[in-house]
Amino acid sequence: MQLRLSVLDQSVAMAGRGQDESIRQTLALSQWAEKLGYSRFWVSEHHAHPSIVGTAPEVLMAAIATQTHKIRIGSAGVMLPHYSALKVAEQFRVLDALAPGRIDLGVGRAPGSDGKTAQLLNPDRYASENFPQQVMELQAWVKGQPLPAGHPGHGVFAYPQSATSPDVWMLGSSDYGAQLAAHLGLPYAFAWFITDGQGVSQAMQIYRDTFRPSARLEKPHATVCIWALAAETDEQAWHLFKSRARWRIDRNLGRIGPMLPPEQADRDYSQAEQMALESMKANAFVGSAATVGAKLRALAQQLALDEVVIITWTYDPKAQARSYELLAQEFNLQP
């Protein structure tokens, strides 16, 4: 079976450039991904994050919807405990009106921010405990189904209604999301790039073993989101990787900021940091298109996947675009 590829972009801040440029670059990348033949283009949600400036996926998706024609557009994801499920449903029903049948509504429970910011977004510090209920309400409102009698939302609908509706996805990096996705009969995306793959096999097994068919989905459907970087040669790819590596090591020390160009990313690492760097490199999907392609195919076979979502950080937007182009060629994607 042909492995399908999709894109997740986070609108990463770059040293020496305006953060607004990162948002516009995400928009440009969505058009490029469609031209190359990628199946989906997802954007993330983070708050008060000096490195990741995509704060409003629903707004960015609206812009993408007007500039693309066939690629699926999605959130990866909306951090649902911050919001009213009804309001999210309304936003995504509007998005579906702009791009009928092309909208993915990925939801997550994590705050996508620090505790202080999360409380500012929603003063109810126990909001995440209501996440399963919120997801069920969201499903009903997105699909135009009535909530049961006795529910405060009975008789309330999310507009505009139309012949199509967004597909709800469950996102996660632990067993919790896998269990909830299986229970509700939803497609599931595991955030490999957050855990470096730790826990993925168990989460996938739980999801598939406990999956309950739903009106939306008869059998399990899962993917993983992986950080990957391709270049003309392995050597060039590892050079570009220096920016991401420096960011990761600095982040572990609590230093979070914009990504540096690879020429400025080197510094004297401590012995512990050097060990962390070597471990990072050993598990990374970095190299030529053939090198990265072989690793992606092996992983897809191991996890029985027919689609993989790729997230790529580079300081130079042209290098990022070229990485996606090389992988599109490697996997013979068709526009």
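Computed from a prediction, not measured in an experiment: that's the story for all the values here.

Rules used in this analysis
- Residues numbered from 1 in each chain as written.
- Predicted model: local features only at pLDDT ≥ 70, side-chain atom pairs only at ≥ 80, totals over all residues.
- Heavy atoms only, no water.
- Helix = DSSP H or I, 4+ residues; strand = E, 2+ residues; numbered from the N terminus.
- Rg over C-alpha atoms; globule rule 2.2 N^0.38 Å.
- Buried < 20%, exposed > 50% of the residue type's maximum accessible area, 1.4 Å probe, protein only.
- Contact = heavy atoms within 4.5 Å.
- Lys, Arg positive; Asp, Glu negative; His and termini not counted.
- Charge placed at Lys NZ, Arg CZ, Asp CG, Glu CD.
- Phe/Tyr/Trp six-rings, centres within 6.5 Å; stacked < 30°, edge-to-face > 60°.
- Pairing = 2+ DSSP bridges.
- Right-handed = clockwise from strand over helix to strand, strands pointing away.
- Axes fitted to C-alpha atoms, helices over the stretch in contact; angles between N-to-C directions.
- Left-handed = near helix turned anticlockwise from the far one by under 90°.
- Nonpolar A, V, L, I, M, F, W, Y, C, P; charged D, E, K, R; others polar.
- Salt bridge = Lys/Arg side-chain N within 4 Å of Asp/Glu carboxyl O.
- Core = buried A, V, L, I, M, F, W, Y, C linked by side-chain atoms within 4.5 Å.
- Polar contact = N/O pair within 3.5 Å; in protein donor to acceptor, adjacent residues only side chain to side chain.

Asks: Any chance you could break down the overall build of the chain for me, citing the residues and the numbers?
Replies: Looking only at helices and strands, the chain features 13 helices and nine strands. Here the C-alpha atoms of the chain give a radius of gyration of 20 Å, agreeing with the 20 Å that 2.2 N^0.38 yields for 335 residues. Each principal axis of the C-alpha atoms in the chain carries an extent, and together these give about 65 × 45 × 40 Å. Within the span of the chain, comprising 335 residues, buried residues form 53% of the whole. A separation of at least 24 residues holds for 73% of the contacts in the chain among residues at least 6 apart in sequence. Across the chain, the 30 positively charged side chains and the 32 negatively charged ones have centroids separated by 2 Å.

Asks: Quick rundown of the packing of aromatic side chains? Include the residues and the values.
Replies: Scanning all chains against the criterion turns up nine aromatic pairs. Ring centres of tryptophan 192 and phenylalanine 285 lie 6.0 Å apart, and the angle between their planes is 75°; this geometry places the pair in the edge-to-face category. A residue pair is termed long-range when its members are at least 10 positions apart, and tryptophan 192 in helix H7 (residues 192-195) and phenylalanine 285 in strand E8 (residues 285-288) qualify at 93 residues. When the centroid spacing of 5.7 Å and the interplanar angle of 65° are considered together, the rings of tryptophan 227 and phenylalanine 241 count as edge-to-face. With tryptophan 227 in strand E7 (residues 222-231) and phenylalanine 241 in helix H9 (residues 234-252), the pair connects residues that are 14 residues apart, well separated along the chain. Given a relative accessible area of 8%, tryptophan 227 falls into the buried group. Phenylalanine 241 gets classed as buried once you look at its relative accessible area, which sits at 4%.

Asks: Before we move on, can you summarise the pairing of strand E5 (residues 167-172) with the specific residues and values?
Replies: Counting buried residues along E5, six of its six residues qualify, which places the element largely inside the surrounding structure. As paired strands, strand E4 (residues 103-108) and E5 are joined by four bridges and run parallel to one another. Looking at the pairing, leucine 105 lines up with valine 168 of E5. Between E5 and its parallel partner strand E6 (residues 188-190), the chain crosses via helix H6 (residues 175-184), and the hand of that crossover is right-handed.

Asks: Tell me about the environment of proline 132, residues and numbers included.
Replies: Structurally, proline 132 can be placed in helix H5 (residues 131-143). The sequence separation of proline 132 and glycine 101 amounts to 31 residues, and the corresponding C-alpha distance is 25 Å. What proline 132 contacts, discounting residues up to four positions off in sequence, is Tyr176 and Leu180.

Asks: Run through the packing of helix H12 (residues 289-303) against helix H13 (residues 317-330), naming residues and quoting values.
Replies: The description of two helices packed together rests on the angle between their axes and the distance between the axes. Remark: H12 packs on H13, axes separated minimally by 9 Å, with the N-to-C direction vectors making an angle of 65°. When the axes of H12 and H13 are compared, the crossing they make is right-handed. When H12 is examined against H13, the residues Ala289, Ala290, Val292, Gly293 and Arg297 are found in contact with a partner set consisting of Leu326, Leu327 and Glu330. In terms of residue class, the contact of H12 with H13 is built from five nonpolar, one polar and two charged.

Asks: Explain the pattern of salt bridges to me, using residue names and the numbers behind them.
Replies: In the structure shown here, the tally under the stated rule is 18 salt bridges. Residues lysine 242 and aspartate 266 are paired through a salt bridge, measuring 3.2 Å at the closest nitrogen-oxygen approach. Taken together, the residues lysine 242 in helix H9 and aspartate 266 in the loop between helix H10 (262-265) and helix H11 (271-282) connect sequence positions 24 residues apart. A residue is classified by how much of its surface remains accessible, and lysine 242, at 29% relative accessible area, is partly exposed. Here glutamate 273 ties to arginine 267 by a salt bridge, and the two come within 3.1 Å at their closest N and O atoms. According to the relative accessible area criterion, arginine 267 is partly exposed, its value standing at 22%. One continuous salt-bridge network, built from bridges that share partners, spans Arg4, Arg40, Arg72, Asp104, Lys143, Asp167, Arg216, Asp306 and Glu307.

Asks: An account of the nonpolar core is requested, with residue identities and associated values reported.
Replies: As a rule of thumb, nonpolar side chains are buried together in soluble globular proteins. By size, the foremost hydrophobic cluster in this structure holds 73 residues, and its most contacted members are Tyr38 and Val224. Not counting residues within four places of it along the chain, the set of residues in contact with valine 224 comprises Phe190, Trp192, Val200, Met204, Leu299, Leu303, Leu305, Glu307, Val308 and Val309. The next biggest cluster of nonpolar side chains, apart from the first, holds 32 residues, and it includes Met14, Leu171, Val309 and Trp313.

Asks: Describe the side chain of serine 44, and please don't skip the residues or the numbers.
Replies: Following the sequence through the fold, serine 44 ends up in the loop between strand E2 (40-43) and helix H2 (57-67). Here the side chain of serine 44 touches histidine 46 through a polar contact of 3.5 Å, side chain to side chain.

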